[in-house]
Amino acid sequence: MKNIDYNYLCTVIGNLSGIPIRVYEDKQQVFYHSLTYLPTDPAKLYLDDIFNIQTSIGYYVTKQFHYYGIINSGHLKIVMGPSGQATHTKQELRELAFESNVNADDIDDFVRGMQGIVPMPPESMMQMLCAINYFFNNEKYSLEDITIYDQEQKELENSINQHRVTKSFEDILPEQIAFIHNTYDLEQHLMDMVQRGDSKSLGQWLSHAPAIRSGQLAPDQLRQKKNTFIVSATLASRAAIRGGMAVDDAFSLSDAYIQKCEVLNSLDRITNLQYHMVQDFTDQVERLQTKSHLSPLVMEVSHYIKHHMSEPITADAIAEELFLSRPYLSRKFKQETGESLTDFILKEKVEEAKRLLRYSDKSLSAVSIYLGFSSQSHFTKVFKKYVSMSPGEYRKKNTIL
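Predicted, not measured: the structure shown is a model, and the values here were computed from it.

Novice: Tell me what's going on with the overall build of the chain, and back it up with residues and numbers.
Specialist: When its secondary structure is counted, the chain shows 18 helices and 5 strands. By sequence separation, contacts in the chain at least 24 residues apart represent 67% of the contacts at least 6 residues apart. Surface accessibility of the chain: about 19,900 Å² in total, with carbon and sulfur atoms responsible for 50%.

Here is the structure:
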């Protein structure tokens, strides 16, 4: 180890791969190299999980399907990444910037930097890690020798961020529902309500839900409850997909809830979160099925807003995207929906703000910047117009956990 110049070696590896690389010694960063400029290192968002990986060679996958390669050697940890094979949109990278607390003035640089990272298949990164591992640990591994591998990686999809939580069940008794490993008919009845997006029926069922005993999934009660929750989320996500929810959205929402569940240490709180999760999937499907009756024009406008949520959205920009004149778009939209395009845009942004306020701990200033408002005061004014309370009041009243 003393004869290895890890700064030199990691610089060469970073230059060859085009992927950022850093070295930590006893969890303190002692080296960083990247060919692209990233004003904030996105790896900081996942360091707790990365530090928990202790095998000689490992990897960590984020909710955006970026992956980090990891080498452990004594007190040193080498971390390569992020890289990936999927192409990420600017909106997705702006969401990552939001999660990473990138300053507003640096977001465009962050997005450009992320776009400049060389995409690499995971097998190629693992081969590179094998070579680095040989230098540091004098171990000769091939891909066939590497097992992917333990609890951290079994939960790699649980690292997802911030997804929709919209309805409260604080007044429901905590032990009324535990619906995994129950009778087949009961399970099918519940999942059928999720698939149909029948929020009203589900709410009535939950209010009178029978006490149900779940099968034994773990030796201790807390782990049992968490395992039950994970299977619940899996079933609900599949039912929602059958109901029309996009696969990526359903998996992301499931992962978000599972991640939230994993940090809880109270049976009652896990049960309460389970209520939210099932109702949330049902509400999502209901909204999608309601939107399915909208005209193609309204659907296209809604799609544009969803994928440009972190930008200042104007009628001119939407009209240009849809190859329409702004006056025609505004007039046609008002005819079909009964509301102005501006109101529709702001309502969609407020819905996203409500999600962020409920699920994330980001400051009001960060939320307003992320959603493209000119100032926090403007954000507060718009929010109060449509919700009849300030963002701070809403968060205090509706924070789930």
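Novice: Could you give an account of the packing of aromatic side chains, naming the residues involved and the relevant values?
Specialist: The tally for this structure, following the rule as stated, stands at 9 aromatic pairs. Ring plane angle 50 degrees and centroid distance 5.2 Å describe the contact between F373 and F379, whose orientation is recorded as tilted. Cluster of aromatic residues (ring-pair linked, three or more members): F373, F379, F383 and Y394. Over the aromatic face of F373 sits the side chain of K349, whose NZ or CZ is 5.9 Å from the ring centroid. The aromatic ring of F98 is capped on one face by K362, whose charged end is 5.6 Å from the ring centroid.

Novice: An account of the confidence of the model for the chain is needed here, citing residue identities and associated values.
Specialist: Taken over all residues, the pLDDT of the chain has a mean of 79, while the share at 70 or more is 81%. Note that pLDDT drops below 50 for residues 147-183; the model gives that stretch 123 contacts with residues more than four away or on any other chain. Contacts of residues 210-218 to residues separated by more than four positions or lying in other chains number 28 contacts, the stretch itself having pLDDT below 50.

Novice: Please set out the sheet that holds strand β4 (residues 67-73) residue by residue, giving values where relevant.
Specialist: Reading across the sheet, the 5 strands line up as β2-β1-β5-β4-β3 and stay open at both edges, with antiparallel pairing between neighbours. Single-partner strands in this sheet number two, and they are β2 (28-33) and β3 (57-61). Neighbouring strand axes in the sheet, compared pairwise and without regard to direction, differ in orientation by 20 degrees on average. Where β3 and β4 come together, 5 bridges link them in antiparallel fashion. Bridged to V61 within β4 is Y67. Here helix α1 (residues 6-17) sits on the sheet in contact with β1 (21-25), β2 and β5 (76-83), set at roughly 45 degrees to β2.

Novice: Could you give an account of the packing of helix α15 (residues 341-359) against helix α18 (residues 391-398), with specific residues and numbers?
Specialist: Between α15 and α18, whose axes approach to 9 Å, the crossing angle comes to 50 degrees. If you check the angle between α15 and α18, you find them oblique. With respect to the hand of their crossing, α15 and α18 are arranged in right-handed fashion. Taken together, the residues of α18 that come into contact with α15 (itself represented by K354, L356, L357 and R358) are P391, Y394, R395 and N398. Tallied by class, residues from the contact of α15 with α18 come to 4 nonpolar, 1 polar and 3 charged.

Novice: Just give me the short version of the pairing of β4, but keep the residues and values in it.
Specialist: Two faces belong to every sheet, and in a regular strand the side chains alternate between them. Buried residues dominate β4, accounting for 7 of its 7 residues. Judged by which residues are buried, β4 turns out to be covered on both faces: Y67, G69, I71 and S73 on one side and Y68, I70 and N72 on the other are all buried. Connecting the antiparallel pair β3 and β4 is a turn made up of 5 residues, with F65 showing a positive phi of about 65 degrees. Taken together, the 6 bridges between β4 and β5 define a ladder with antiparallel strand orientation. Looking at β5, one finds that N72 is bridged to K77. Two successive antiparallel strands, β4 and β5, enclose a turn made up of 2 residues, where G74 displays a positive phi of approximately 60 degrees.

Novice: Just give me the short version of the environment of L264, but keep the residues and values in it.
Specialist: Its location among the elements puts L264 in the loop between α10 (247-262) and α11 (267-291). Counting along the chain gives 38 residues from L264 to K226, while the straight-line C-alpha distance between them is 8.8 Å.

Novice: With reference to specific residues and values, describe the pairing of β2.
Specialist: Sheet topology note: the β1/β2 ladder contains 5 bridges and is antiparallel. Paired with Y24 across the strands is Q29, a residue of β2. Hairpin connection of β1 to β2: 2 residues between the antiparallel strands, including D26 at a positive phi of 50 degrees.

Novice: Let's hear about the environment of A319: which residues, and what values?
Specialist: Summarising the element assignment, A319 is placed in helix α13 (residues 315-321). Separated by 18 residues in sequence, A319 and V301 have C-alpha atoms that sit 9.0 Å apart. When residues no more than four places from it in sequence are discounted, the contact partners of A319 are L324, S325, R326 and L329.

Novice: Quick one: what's the story with the side chain of S17, residue by residue and with numbers?
Specialist: Note that S17 resides in helix α1. Owing to a relative accessible area of 3%, S17 belongs among the buried residues under this scheme. Within the local environment of S17, its side chain forms a polar contact with the backbone oxygen of I13, the two atoms lying 2.9 Å apart. A polar contact is formed between the side chain of S17 and the backbone nitrogen of I19, at a distance of 3.2 Å. Excluding its chain neighbours within four sequence positions, the residues that come into contact with S17 are M80, V118, M120 and M128.

Novice: I'd like a description of the packing of α1 against helix α5 (residues 122-137), backed by residues and values.
Specialist: For the pair α1 and α5, the least separation of the axes is 12 Å and the interaxial angle reads 170 degrees. Comparing the axis directions of α1 and α5 gives the class roughly antiparallel. On the side of α1, the interface is formed by Y6, L9, I13 and S17, while α5 contributes M128, I132, F135 and F136. Class assignment for the residues of the contact of α1 with α5 results in 7 nonpolar, 1 polar and no charged.

Procedures and definitions
- Residues numbered from 1 in each chain as written.
- Predicted model: local features only at pLDDT ≥ 70, side-chain atom pairs only at ≥ 80, totals over all residues.
- Heavy atoms only, no water.
- Helix = DSSP H or I, 4+ residues; strand = E, 2+ residues; numbered from the N terminus.
- Contact = heavy atoms within 4.5 Å.
- Areas by Shrake-Rupley, 256 points an atom, 1.4 Å probe, with all protein chains shown as cover.
- Phe/Tyr/Trp six-rings, centres within 6.5 Å; stacked < 30°, edge-to-face > 60°.
- Lys NZ or Arg CZ within 6 Å of the ring centre and 35° of its normal.
- pLDDT = per-residue confidence, 0-100.
- Pairing = 2+ DSSP bridges.
- Axes fitted to C-alpha atoms, helices over the stretch in contact; angles between N-to-C directions.
- Parallel < 35°, antiparallel > 145°, perpendicular 65-115°, else oblique.
- Left-handed = near helix turned anticlockwise from the far one by under 90°.
- Nonpolar A, V, L, I, M, F, W, Y, C, P; charged D, E, K, R; others polar.
- Buried < 20%, exposed > 50% of the residue type's maximum accessible area, 1.4 Å probe, protein only.
- Polar contact = N/O pair within 3.5 Å; in protein donor to acceptor, adjacent residues only side chain to side chain.

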